[in-house]
Amino acid sequence: MANAASGIAVHDDCKLRFLDLKAKRTHRFIVFKIEEKQVIVEKLGEPTETYEDFSASLPADECRYAIYDFDYVTEENCQKSRIIFIAWSPDTAKVRSKMIYASSKDRFKRELDGIQVELQATDPTEMGLDVFRSRAN
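Right, let's talk about helix α1 (residues 12-24) for a bit. Here α1 is 13 residues long and its end C-alpha atoms lie 18 Å apart, about the 18 Å a rise of 1.5 Å per residue gives. Of the positions making up α1, those classed as buried are Cys14, Phe18, Asp20 and Leu21. Buried residues along α1 cover an arc of 155° about the axis, so they all sit on one side. Seen from the open side of α1, the exposed residues pointing more than 90 degrees away from its buried face are Asp12, Leu16, Ala23 and Lys24. Along its buried surface, α1 packs onto β1 (9-10), β2 (29-35), β3 (38-45), β4 (64-73), β5 (79-88) and α3 (95-111). At the exit of α1 stands Arg25, carrying a positive phi of roughly 55°.

This is the structure we're talking about:
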C-alpha cells in the first residue's frame, strides 16, 4: 500500500530481509533506496561485514534508509545487540530526494517492527560507532 503523504510503497522484500536480520541474524546491515515510487533493498551486508563496509555502502550524495545490527558489550560486560534505523540524508543530496525520503520515513519504519534506535544522519560523523554506542544504552 502506498504512503498517502508521498505515494511511496514498500516492497515486500524489504520486510522479509528485515525479519531475516532481526530473527535469524543473516545480515549485518541492509541499505534501502526509493526507486520508481517504492522502497526496495539495495544492498545486504553479510554477518561478517564490518561497520566500515556499511558506511562505504551509503552514497555520499544520495539519500537512503538503512538498518544496522549493532553488537556491543556493556560496562557490566554483557553482550548485547540493537537494531538501528538510519535515515541517511547527506547535505549534498537533491532537495526533492530529501523531501521524498523525509515524508516516507515514518510509514516505512512502521513496516519494520523491531527497530530499537533511530538516527538521522547528514554526514558520517552523525552515525559513527561512538554514536551507536551512546544511543544503544
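To continue, consider helix α4 (residues 129-136). Buried within α4 we find Val131, Phe132 and Ala136. For α4, the buried positions fall inside an angular range of 125° around the axis, keeping them on one side. Residues Asp130 and Ser134 are exposed on α4 and point more than 90 degrees away from its buried face. Its buried side turned inward, α4 meets α2 (51-56), β4, β5 and β6 (117-121).

Moving on, we get to the packing of aromatic side chains. One pass over the structure, following the stated rule, counts 13 aromatic pairs. Considering the side-chain rings of Tyr51 and Phe132, the 5.7 Å spacing of their centres and the 90° angle between planes classify their relative orientation as edge-to-face. Here Tyr51, found in helix α2, pairs with Phe132, found in helix α4; they are 81 residues apart in sequence, far enough to count as distant. One aromatic cluster in this structure is built from Phe29, Tyr51, Phe54, Tyr68, Phe70, Tyr72 and Phe132.

So, on to unusual backbone geometry. The phi torsion at Glu36 lies on the positive side, around 50°, for a residue other than glycine. The topology assignment puts Glu36 in the loop between β2 and β3. For Lys37, which is not glycine, the phi dihedral falls at a positive 65°. Relative to the helices and strands, Lys37 is located in the loop between β2 and β3.

Tracing the chain through its elements places Arg107 in helix α3. Here Arg107 falls in the buried class, since its relative accessible area comes to 10%.

How each quantity is defined
Residues numbered from 1 in each chain as written. Predicted model: local features only at pLDDT ≥ 70, side-chain atom pairs only at ≥ 80, totals over all residues. Heavy atoms only, no water. Helix = DSSP H or I, 4+ residues; strand = E, 2+ residues; numbered from the N terminus. Expected span 1.5 Å × (residues − 1). Buried < 20%, exposed > 50% of the residue type's maximum accessible area, 1.4 Å probe, protein only. Arc of directions from axis to C-beta. Contact = heavy atoms within 4.5 Å. Phe/Tyr/Trp six-rings, centres within 6.5 Å; stacked < 30°, edge-to-face > 60°.

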